Amino acid sequence: QVHIVESGGGVVQSAGSLRLSCATSGLIFTRFTMGWYRQAPGNQREFQREFVASISSGGWTKYAESVKGRFTISRENAKSTAYLQMNSLKPDDTAVYYCRATSDYDPDDYQWGQGTQVTISS
């Protein structure tokens, strides 16, 4: 059974930093692209989750324009864990952040974590 658990969220002041972690088990981590998405307050549907960043099994990274230069995604294959380092945080970054593992062999084969709340105070 696949488990995806995010951690590291919290409340931080504007311009501060947070590091989110996404620990996985039950999957072959090196065969999955890891992604971070976020869901702003008031948006309840899965399709309303906004792409933030992703890192492929080969280490290729992609970022949303809104976070480029501020956020860094990484992965540690030995620990089956992905990370999102978030710097220069803004109130608009307030959201629930979700980790998603997507199979490199089937883009429709993906799993979500339960999310972690990030709140940026101005």
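Each chain carries its own residue numbering, running from 1 in the written order of its sequence. Side-chain atom pairs in this predicted model are given and counted only at pLDDT of 80 or more, local residue features only at pLDDT of at least 70, and totals for whole chains, interfaces and linings cover all residues. To obtain the side-chain values, all non-hydrogen atoms of the structure were included, while hydrogens and water were left out.

S.K.: What is the right way to read the sheet that holds strand β7 (residues 71–76) from this model?
M.R.: Hydrogen bonds between backbone atoms are what pair the strands of a sheet, whose relative direction is either parallel or antiparallel. Ordered by their spatial adjacency, four strands build an open sheet running β1-β3-β8-β7, and the pairing between neighbours is antiparallel. At either margin of the open sheet sits one strand with a lone partner, and together these are β1 (3–7) and β7. Adjacent strand axes in the sheet meet at a mean angle of 15°, parallel and antiparallel pairs treated alike. Paired strands, as defined in this entry, are two strands with at least two bridges between them according to DSSP. Numbered from the N terminus, helices here are DSSP runs of H or I no shorter than four residues, and strands are runs of E no shorter than two. Direction of pairing for strand β3 (residues 18–25) relative to strand β8 (residues 81–86): antiparallel, over a ladder of six bridges. Across the sheet, the residue bridging to leucine 18 is methionine 86, located in β8. Note on definitions: angles span 0 to 180 degrees between N-to-C directions of axes, and those axes are lines fitted to C-alpha atoms, for helices only across the stretch in contact.

S.K.: Where do I start with the pattern of salt bridges in this structure?
M.R.: Side chains carrying opposite charge are able to pair once their charged atoms draw close together. For salt bridges, the criterion is a side-chain nitrogen of Lys or Arg within 4 Å of an Asp or Glu carboxyl oxygen. Tallying each qualifying case throughout the model produces four salt bridges. Between glutamate 50 and arginine 38 there is a salt bridge, with its nearest N and O atoms 2.9 Å apart. Here arginine 38 lies in strand β4 (residues 32–39) and glutamate 50 lies in strand β5 (residues 50–55), a separation of 12 residues in the sequence. Residue burial is assigned from relative accessible area. The probe radius is 1.4 Å, only protein chains are included, and a residue is buried under 20% of its type maximum, exposed over 50%, and partly exposed in between. Overall, glutamate 50 belongs to the partly exposed group, its relative accessible area being 35%. Close ionic contact of lysine 68 with glutamate 65 constitutes a salt bridge, the shortest N to O distance being 2.8 Å. For glutamate 65, a relative accessible area of 63% gives the class exposed. Through salt bridges with shared partners, one network takes in Arg38, Glu50, Arg70 and Asp93.

S.K.: Explain the side chain of arginine 100 here, please?
M.R.: Examined against the element boundaries, arginine 100 turns out to sit in strand β9 (residues 95–103). Residue arginine 100 is classed as buried on the basis of its relative accessible area, which comes to 15%. A distance of 3.2 Å separates the side chain of arginine 100 from the side chain of threonine 102, its partner in a polar contact. Contact definition: two residues touch when any of their heavy atoms are within 4.5 Å. Arginine 100 has contacts with Thr33, Met34, Gly35, Tyr37, Tyr110, Gln111 and Trp112, leaving out every residue within four places of it along the chain. We call two N or O atoms a polar contact when they sit within 3.5 Å, provided that within protein one can donate a hydrogen and the other can accept it, with sequence-adjacent residues counted only if both atoms are side-chain atoms.

S.K.: Even after reading the chapter, I still don't get the environment of glutamine 48, so can you show me in this structure?
M.R.: Mapped onto the secondary structure, glutamine 48 falls in the loop between β4 and β5. On the accessibility criterion, glutamine 48 (31% relative accessible area) is partly exposed. Along the backbone, glutamine 48 and tyrosine 37 are 11 residues apart, and their C-alpha atoms lie at a distance of 9.7 Å.

S.K.: Teacher, can you tell me more about the state of the cysteines here?
M.R.: Between two cysteines, a covalent bond joining their sulfur atoms is known as a disulfide. Here, a disulfide means two cysteine sulfur atoms that sit within 2.5 Å of each other. Counted by the stated rule, this structure contains one disulfide. The side chain of cysteine 22 participates in a disulfide bridge whose partner is cysteine 99; the two sulfur atoms lie 2.0 Å from each other. Torsion about the S-S bond of the cysteine 22 and cysteine 99 cystine: about -80°, corresponding to left-handed handedness. In this pair, cysteine 22 sits in strand β3 while cysteine 99 sits in strand β9, placing the two residues 77 residues apart along the sequence. Of the two residues, cysteine 22 and cysteine 99, neither departs from the other in class, the shared state being buried.

As far as function goes, none of this settles anything; it's purely spatial.
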